[in-house]
Amino acid sequence: MPIATVNPANGETLKTYEAMGDEEIERRLQLAEATFRTYRTSTFAERARLMHRAADLLDEDQRDIGRIMTTEMGKPVKQARAEAAKCAKSMRWYADHAQELLADEEPAASDATDSGGSRALVRYRPLGPVLAVMPWNFPLWQVIRFAAPALMAGNVGLLKHASNVPQTALYLEDLFHRAGFPEGAFQTLLVGSGAIEEILRDERVKAATLTGSEPAGRAVASVAGDMVKKTVLELGGSDPYVVMPSADIDRAATIAVTARVQNNGQSCIAAKRFIVHTDVFDAFTERFVAGMKALTVGDPLEEGTEVGPLASEAGRGDLEELVDDAVESGATVLCGGERPDGPGWFYPPTVLTDLTRDMRIHREEAFGPVATLYRVADLDEAVLLANDTPFGLSSNVWTRDEAEVERFVRDLEAGGVFFNGMTASHPAFPFGGVKRSGYGRELSGHGIREFCNITTVWHGA
């Protein structure tokens, strides 16, 4: 895949870049290793000052970087600006909380004595250069939620971004450079996916984090496992959105539309499978389908656009195949379902029902504005269907029944359960999944400790 900015709204190639050669990659690896030796000894106060400065610069750049993201991958420009603002907020959160999150932990004095010592503590120390393999769908946020905690912990970062967002990737390196971070603290590697294995096998790279597809996660995890290196993986999702009889149906249906089409439906944590109790199925369906039909689809640079194009022609083709397979197997199309005429990689907001387990869309992730709608008879059936997926990233449940709340928390196989609202990420809360959605956690204290050497320090009596 070429490293290029291709506008998904019209298919026009705007900029192309040459992949870095072996010499430049080697130079950057040497620089990362050298920078880490000194950066690791910097204080939390010094790192926080730099991180705050980077957040301030990002706020100043919000409109410009928002347009770049929209031009590169097609998200509505309002959502792009909101993504930049969210990144700045998270950078400040880590700047303000990292020292507390990584403070020395002292076991009880009696435990130290029992171990034969006079004193013991646990210290969190940085690992070194961390390779981040990141996707295009949230081209700023996916990187910042790795970079902010990693840099605040004293690590240095190497970014291999998706090849269709090179301008955003280069912007990120420049952002940290302008903020005053030492050269080599955060570097963008303009390379294709074929270069990842050799970089990851390099002894100077100490760990890796990947957000992306399941095949990409398997490939990185395999290499890292062979090299005995720590990894964090955030892979696909097919999140359930369960609506029970006690729910506020109007609000549940309104939020369902946003939960499905955020980022043009190209989000791992977007609600994708709508599982509705039979008692409220008809009322929910009427409101949900009407909301999907009413969305404004068009030029993502227009302020009023709610759904833009998919990021690539191949991505649209994959989505069409899932829909066509379902329809051919008996699914009913309640709205959408047909590619519009004209330029760009657009696909309409679509709702499918009358689904069966043998349809591909029941098992595979639909990465675009396509919702699957299921009717269930009771709570037991809702839980079974919600868990009937190889993924387990997050989940949404609408109920006012506290007994149902406890049951869903206990039984849903997911990294998050969000009640009476849509899944969202926040720097204070851990983010990640189970099953084929990956392992490890980003954000919160759990995320900043993922790439730390958790060190026991013991003093003899």
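Residues numbered from 1 in each chain as written. Predicted model: local features only at pLDDT ≥ 70, side-chain atom pairs only at ≥ 80, totals over all residues. Heavy atoms only, no water.

### Observations concerning the overall build of the chain
For clarity, the cut-off: A run of H or I in DSSP becomes a helix once it reaches four residues, and a run of E becomes a strand once it reaches two; helices and strands are each numbered from the N terminus. Here the globule rule reads 2.2 Å times residues to the power 0.38, and the radius of gyration is calculated from C-alpha atoms. Type-normalised accessible area, obtained with a 1.4 Å probe on protein chains alone, sets the label of each residue: buried when under 20%, exposed when over 50%, and partly exposed for intermediate values. Any pair of residues with heavy atoms lying within 4.5 Å of one another is described as a contacting pair. In this description, accessible areas are obtained by the Shrake-Rupley approach with a 1.4 Å probe, and a residue is regarded as covered only by the protein chains that are shown.
Per the secondary structure count, the chain includes 16 helices and 19 strands. Its C-alpha atoms give the chain a radius of gyration of 23 Å, within 12% of the compact-globule value 23 Å for 461 residues. With respect to the principal axes defined by its C-alpha atoms, the chain has extents near 70 × 60 × 40 Å. Within the chain, buried positions represent 57% of all 461 residues. Long-range contacts, defined as pairs at least 24 residues apart, comprise 73% of the intrachain contacts of the chain with a sequence gap of at least 6. Roughly 18,800 Å² of accessible area belongs to the chain as shown, and the carbon and sulfur atoms make up 50% of that amount.

### Observations concerning the nonpolar core
This is how the line gets drawn: We define the nonpolar core as a collection of buried residues of types Ala, Val, Leu, Ile, Met, Phe, Trp, Tyr and Cys that are connected through side-chain atoms lying within 4.5 Å of one another.
In terms of nonpolar packing, the biggest core is built from 81 residues, with M51, L58, M91, L131, L140, F176 and F181 touching the most fellow members. The greatest single-element share of this core, amounting to 10 residues, is contributed by helix α4 (residues 77-101). In this view, L140 contacts L58, I65, M69, E83, A84, C87, T168, Y171 and L172; residues no more than four positions away in its chain are not counted. Within the second largest apolar cluster, 27 residues are counted, among which are A247, I249, F284 and L295.

### Some details on the packing of aromatic side chains
The test is simple: For Phe, Tyr and Trp, rings pair up if their centres lie within 6.5 Å, where Trp contributes its six-membered ring, and each pair is then called stacked (planes under 30 degrees apart), edge-to-face (over 60) or tilted (otherwise).
Summed over the entire model, instances satisfying the criterion amount to 9 aromatic pairs. With a centroid separation of 6.4 Å and an interplanar angle of 55 degrees, the aromatic rings of Y39 and F181 are classed as tilted. Remark: F181 occurs in the loop between α7 (166-179) and β6 (186-188) and Y39 occurs in helix α1 (residues 22-39); sequence separation between them is 142 residues. For F181, a relative accessible area of 5% gives the class buried.

### Observations concerning the sheet that holds strand β16 (residues 418-419)
Heads up, the rule is: We call two strands paired when DSSP finds no fewer than two bridges between them. The convention used is that axes are lines fitted to C-alpha atoms, helices contributing only their stretch in contact, and that angles between N-to-C directions extend from 0 to 180 degrees.
Across the sheet, which stays open at both edges, the 7 strands sit in the order β11-β12-β13-β10-β9-β15-β16 with mixed pairing between neighbours. In the strand order of this sheet, the two ends are held by β11 (332-335) and β16, each with one partner. Two strands pair when backbone bridges link them, and strand β15 (residues 396-398) and β16 are joined in this way by 2 bridges, in the parallel orientation. Counted as the bridge partner of V397 is F419 from β16. Relative to strand β9 (residues 239-243), helix α10 (residues 249-261) is tilted by about 165 degrees, and along the sheet it contacts β9, β10 (271-277), β13 (370-376) and β15.

### Some words on the packing of α10 against helix α11 (residues 281-293)
To keep it simple, the criterion reads: For classification purposes, an angle smaller than 35 degrees is called roughly parallel, one larger than 145 roughly antiparallel, one from 65 to 115 roughly perpendicular, and anything else oblique. For a crossing to be left-handed, the near helix must be turned anticlockwise from the far one by less than a right angle; the clockwise case is right-handed. Here the nonpolar group is Ala, Val, Leu, Ile, Met, Phe, Trp, Tyr, Cys and Pro; Asp, Glu, Lys and Arg are the charged ones; every other residue, Gly included, is treated as polar.
The interhelical angle for the contact between α10 and α11, taken along N-to-C directions, is 40 degrees, at an axis separation of 9 Å. As the angle between them shows, α10 and α11 are arranged oblique. The hand of the α10/α11 crossing is right-handed. Residues I249, D250, A252, A253, A256, V257, R260 and V261 of α10 form the contact with α11, whose own contacting residues are A283, F284, R287, F288, G291 and M292. Class assignment of the residues belonging to the contact of α10 with α11 gives a composition of 10 nonpolar, 1 polar and 3 charged.

### With respect to the packing of helix α14 (residues 379-386) against helix α15 (residues 402-411)
Interaxial distance between α14 and α15 falls to 11 Å at its minimum, and their mutual angle equals 25 degrees. With respect to α15, the axis of α14 lies roughly parallel. Every pair of crossing elements has a handedness; the one defined by α14 and α15 is right-handed. Together, L379, D380 and V383 of α14 and E404, R407, F408 and D411 of α15 make up the contact between the two elements.

### Thoughts on unusual backbone geometry
One non-glycine residue, V228, adopts positive backbone phi at about 55 degrees. For V228, the position within the fold is in the loop between α9 (214-227) and β8 (230-234). Phi at S444 takes a positive value of approximately 60 degrees, unusual for a residue other than glycine. Within the secondary structure, S444 is located in helix α16 (residues 444-449).

### Re the pattern of salt bridges
To keep things clear, this is the line we draw: Whenever Lys or Arg places a side-chain nitrogen within 4 Å of a carboxyl oxygen from Asp or Glu, that contact is recorded as a salt bridge.
The full count for this structure, using the stated rule, is 33 salt bridges. Two residues, R201 and D226, come together in a salt bridge whose shortest N-O distance is 2.7 Å. Separated by 25 residues along the polypeptide, R201 in helix α8 (residues 196-201) and D226 in helix α9 bring together distant segments of the chain. The network of salt bridges with common partners includes E24, R27, R28 and E173.

### Let's talk about the side chain of D388
Quick reminder of the rule: Polar contacts, as used here, are pairs of N or O atoms within 3.5 Å; protein pairs need one atom able to donate a hydrogen and one able to accept it. Residues neighboring in sequence count only if both atoms are side-chain atoms.
Structurally, the position occupied by D388 is in the loop between α14 and β14 (391-392). One polar contact links D388 to R357, side chain to side chain, over a distance of 2.7 Å. Contact partners of D388, with chain neighbours within four places excluded, come to R273, R357, H362 and R363.

### A few points about the pairing of strand β2 (residues 12-17)
Sheet analysis places strand β1 (residues 3-7) next to β2, joined by 5 bridges and oriented antiparallel. Note on β2: the bridge partner recorded for N7 is E12. Between β1 and β2, which pair antiparallel and follow one another directly, the connecting turn spans 4 residues, one of which, G11, has a positive phi of 80 degrees.

### Re helix α3 (residues 62-73)
For clarity, the cut-off: Between the first and last residue of a helix there are one fewer steps than residues, each counted as 1.5 Å, and that sum is the expected span.
With 12 residues, α3 should reach 16 Å at 1.5 Å per residue; the first-to-last C-alpha distance of 16 Å fits that figure. Taken as a whole, α3 has its buried residues at I65, G66, M69, T70, T71, E72 and M73. Next to the buried residues of α3 lie β1, β2, α2 (44-60), α4 and α7. G74 occupies a position one or two residues after α3 and carries a positive phi of about 90 degrees.

### Section: the environment of L102
Examined against the element boundaries, L102 turns out to sit in the loop between α4 and α5 (109-114). A sequence separation of 346 residues divides L102 from I448, and the C-alpha atoms of the two residues are 8.0 Å apart. What L102 contacts, discounting residues up to four positions off in sequence, is F44, Y124, A153, I448, R449 and C452.

### Examining α7
Helical periodicity: at 3.6 residues per turn, an α-helix aligns residues three or four positions apart in one direction. Taking 1.5 Å per residue, 14 residues should reach 20 Å; α7 reaches 20 Å between its end C-alpha atoms and fits that length. The positive-phi residue at the C-terminal boundary of α7 is G180, with phi of around 105 degrees.

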